[in-house]
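What follows is each chain in one-letter form.
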Amino acid sequence: MEASRPARSRAIASRSPMRVQFDGGSLFAADKIPGLVNYLLRWKGMLTSNVEEAYGFARSRPDLPLPDLEILFAPAPFFEERLVAPTAHPVVIGVVLLEPVSRGQITLRSADPAGKPVIDPRYLSDSDGIDRNAMLDGLRICAALASAPSLRSQLGPIVRPVVPPGTPDEEMLTRALEELGQTIYHPFGPCRMGRDAASVVIPDLEVRGVDELRIADASVMPAIIRGHTLGTDRREGRRSDPQHVVPSRRTARCRRTAMQAKIGGPCEEVSRI
């Protein structure tokens, strides 16, 4: 079994504030005792943050009809997959590629149904370099925002990527893309919905060839959306609820109203193409 899907990419250029105060700092100290007390007693402080505090959408090229980039700002150490403990209060300015051309791949490792699949996201792998160029354009926007007077006075030196002083901006941004790019954890599409034989689920979310089994998450999306997938995921979950599902034609069943059941009225067959 093999499924190809786009995989969203994110490259991050992060900075460290020069001045740090508790209420105006970052999530670096949010789970320390002062932060916990402030939240539990006053419902204030950094633990009230939604982590990524600001978003914006932009075009990497002026000829595009719709934005292909999302710019985000987070007062958090959102780099190195958070596997390395931060040592200072950082902020992150990053870019998300909304409609990547590159395609990832998922293959089965073995015939064991409990075995983990092999996932190869293939970030920035398109032969024309469209994704790479778009991400670099997005990082240039991030650098311009960080250089704006309103932010520049609040930010310290760049801490990721690690570059020597005097490194040209383009080299720094290229290293940010190549060394810090990572998933944004919004994969989609390996169980694509459709009416063709190659699709995994039909439009009512039922798996082809398996009765009463539905998939209700981002894996069924036939095309990526220009934003975060949570809202769409929740909608798919609601559609899969038996109270809201209309049976497909091949699993059509008898349905009676409460009054018909009481008086023994005829059965009304419900079907859907």
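Cut-offs used in this document
- Residues numbered from 1 in each chain as written.
- Predicted model: local features only at pLDDT ≥ 70, side-chain atom pairs only at ≥ 80, totals over all residues.
- Heavy atoms only, no water.
- UniProt positions renumbered as here; feature names shortened; annotations may be inferred.
- Salt bridge = Lys/Arg side-chain N within 4 Å of Asp/Glu carboxyl O.
- Helix = DSSP H or I, 4+ residues; strand = E, 2+ residues; numbered from the N terminus.
- Buried < 20%, exposed > 50% of the residue type's maximum accessible area, 1.4 Å probe, protein only.
- Pairing = 2+ DSSP bridges.
- Core = buried A, V, L, I, M, F, W, Y, C linked by side-chain atoms within 4.5 Å.
- Contact = heavy atoms within 4.5 Å.
- Polar contact = N/O pair within 3.5 Å; in protein donor to acceptor, adjacent residues only side chain to side chain.

- The protein goes by GMC oxidoreductase in an unreviewed UniProt entry, where it is assigned to Rhodococcus jostii.
- In its Sequence similarities (unreviewed entry) section, UniProt records this for the protein: "Belongs to the GMC oxidoreductase family."

## Some points on the pattern of salt bridges
And then number 1: Summed over the entire model, instances satisfying the criterion amount to ten salt bridges.
And then number 2: A salt bridge links Arg132 to Glu178; the shortest N-O distance between them is 2.5 Å. Of this pair, Arg132 sits in helix α2 (residues 130-146) while Glu178 sits in helix α4 (residues 169-180), and the two are 46 residues apart along the sequence.
And then number 3: Under the relative-accessibility criterion, Arg132 is labelled partly exposed at 29%.
And then number 4: A salt bridge links Glu170 to Arg140, with the nearest nitrogen and oxygen atoms 2.9 Å apart. Taken as a pair, Glu170 in helix α4 and Arg140 in helix α2 lie far apart in primary sequence, 30 residues in all.
And then number 5: A relative accessible area of 39% places Glu170 in the partly exposed class.

## Some details on the pairing of strand β4 (residues 69-74)
Walk down a regular strand and you will see the side chains alternate between the two sheet faces.
And then number 1: Of all six residues in β4, five are buried; the element is thus mostly enclosed.
And then number 2: Sheet topology places strand β3 (residues 54-58) next to β4; five bridges connect them, and they run antiparallel. Looking at β4, one finds that Tyr55 is bridged to Leu72.

## A few points about the nonpolar core
And then number 1: Within the largest apolar cluster, 18 residues are counted, with the highest numbers of intra-cluster contacts made by Leu69, Val95, Leu97, Met135, Leu139, Cys142 and Leu177.
And then number 2: If you list the elements that add at least two residues to this core, you get β4, β5 (91-97), α2 and α4.
And then number 3: If we skip the residues at most four places from it in the chain, Cys142 touches Ile71, Ile93, Gly94 and Val95.

## Here we look at the environment of Phe78
And then number 1: Tracing the sequence through the fold places Phe78 in the loop between β4 and β5.
And then number 2: Considering only alpha carbons, one finds Phe78 and Gly94, 16 residues apart in sequence, at a separation of 9.5 Å.

## Here we look at the side chain of Asn38
And then number 1: Tracing the chain through its elements places Asn38 in helix α1 (residues 33-42).
And then number 2: Side-chain polar atoms of Asn38 contact the side chain of Arg42, separated by 2.7 Å.

## Observations regarding unusual backbone geometry
And then number 1: Within the chain, Leu124 stands out as a residue other than glycine whose phi angle is a positive 55°.
And then number 2: Of note, Leu124 is situated in the loop between β7 (118-120) and α2.
And then number 3: Given the relative accessible area of 27%, Leu124 is considered partly exposed.
And then number 4: Positive phi values are uncommon outside glycine, yet Tyr185 reaches one of about 65°.
And then number 5: You can see Tyr185 is positioned in the loop between α4 and α5 (230-240).

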